[in-house]
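Observations on the three-dimensional arrangement
So the chains spell out like this:
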Amino acid sequence: QLQLVESGGGLVQPGGSLTLSCTASGVTFDDYTIGWFRQVPGKEREGVSCISGSGNSFHYATSAKGRFAVSRDNANKLAYLQMNSLKPEDGGTYYCAATLRFGPYRACVSAPTDLEVWGQGILVTVSS
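Residues numbered from 1 in each chain as written. Predicted model: local features only at pLDDT ≥ 70, side-chain atom pairs only at ≥ 80, totals over all residues. Heavy atoms only, no water.

1. Section: the state of the cysteines
As a reminder of what qualifies: Any two cysteine sulfur atoms within 2.5 Å of one another count as a disulfide. Think of it this way: any DSSP run of H or I at least four residues long counts as a helix, any run of E at least two long counts as a strand, and we number them from the N terminus. Burial status follows relative accessibility: with a 1.4 Å probe on protein chains alone, a residue under 20% of its type maximum counts as buried, one over 50% as exposed, and anything between as partly exposed.
Considering all chains together, one arrives at two disulfides under this definition. At a sulfur-sulfur separation of 2.1 Å, the disulfide partner of cysteine 22 is cysteine 96. On the sign convention where negative is left-handed, the bridge of cysteine 22 and cysteine 96, at about 70 degrees about the S-S bond, is right-handed. A residue pair is termed long-range when its members are at least 10 positions apart, and cysteine 22 in strand 3 (residues 18-25) and cysteine 96 in strand 9 (residues 92-99) qualify at 74 residues. With relative accessibility at 0%, the residue cysteine 22 sits in the buried group. Take cysteine 96: its relative accessible area is 0%, and that puts it in the buried class.

Below, the structure is given as structure tokens:
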């Protein structure tokens, strides 16, 4: 069974950068679209960026465009979210998720219940 584990979260100052990693284990990683989602208390999880199984197609939330970059290393079963020029409103719990059902656009705009596999989440705090 596919399992996902996020790492790389923590505290970063506004304007700084942080890279999150999603480590996968289980079945063939490149079969899955991977999405990065953010959740803050009281709100639904929102898609930040998603990437196709091949790594050739992407989707970014409007708030992430130009600042974040999603990538993956299928040989090592890793996905990344590089976050630059961070703002306090970028903070929250970040999750990686995997789906065989959707490409990156649909994965990122789908409800969390529509994606099959989720990591445990990792906290990102952007503060001085």
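The rest of the description comes next.
2. Observations concerning the packing of aromatic side chains
The cut-off we apply is this: Centres within 6.5 Å make a pair out of two Phe, Tyr or Trp rings, where for Trp the six-membered ring is used; the pair is then stacked when the planes are under 30 degrees apart, edge-to-face when over 60, and tilted otherwise.
Throughout the structure, instances matching the rule amount to two aromatic pairs. Taken together, a centroid distance of 6.1 Å and an interplanar angle of 80 degrees make the contact between tyrosine 95 and tryptophan 118 edge-to-face. With tyrosine 95 in strand 9 and tryptophan 118 in strand 10 (residues 117-118), this residue pair connects regions lying 23 residues apart in the sequence. Residue class for tyrosine 95 comes out buried when judged on its relative accessible area of 11%. Owing to a relative accessible area of 22%, tryptophan 118 belongs among the partly exposed residues under this scheme. Pairwise contacts between aromatic rings join Phe37, Tyr95 and Trp118 into one cluster.

3. Section: the environment of valine 117
Relative to the elements of secondary structure, valine 117 occurs in strand 10. Sequence separation of valine 117 and leucine 2 is 115 residues, and the distance between their C-alpha atoms is 7.2 Å.

4. With respect to the pairing of strand 7 (residues 68-73)
Here is the rule: Any two strands between which DSSP finds at least two bridges are classified as paired.
Residues of strand 7 alternate between two faces, with Phe68, Val70 and Arg72 buried on one and Ala69, Ser71 and Asp73 left unburied on the opposite face. Sheet topology note: the strand 7/strand 8 (residues 78-83) ladder contains six bridges and is antiparallel. Bridge pairing links arginine 72 to alanine 79 in strand 8. Hairpin connection between strand 7 and strand 8: a loop of four residues separates the two successive antiparallel strands, and lysine 77 in this loop has a positive phi of roughly 55 degrees.

5. Comments concerning the environment of tyrosine 80
Basically, it comes down to this: It only takes one pair of heavy atoms within 4.5 Å for two residues to be counted as in contact.
Secondary-structure assignment places tyrosine 80 in strand 8. Considered as a pair, tyrosine 80 and leucine 2 are 78 residues apart in the sequence and their alpha carbons are 17 Å apart. Non-local contacts of tyrosine 80, meaning those with residues more than four positions away in its chain, are made with Thr19, Leu20, Ser21, Trp36, Ala69, Val70, Ser71 and Asp73.

6. Structural notes on the sheet that holds strand 8
Put simply, the test is: Fitted lines through C-alpha atoms serve as axes, helices being fitted only where they are in contact, and the angles separating the N-to-C directions of these axes extend from 0 to 180 degrees.
Read across the open sheet, the four strands follow the order 1-3-8-7; overall the sheet is antiparallel. The outermost strands of the open sheet, each flanked by one partner alone, are strand 1 (3-7) and strand 7. Between one strand axis and the next, the sheet turns through 15 degrees on average, direction left out of account.

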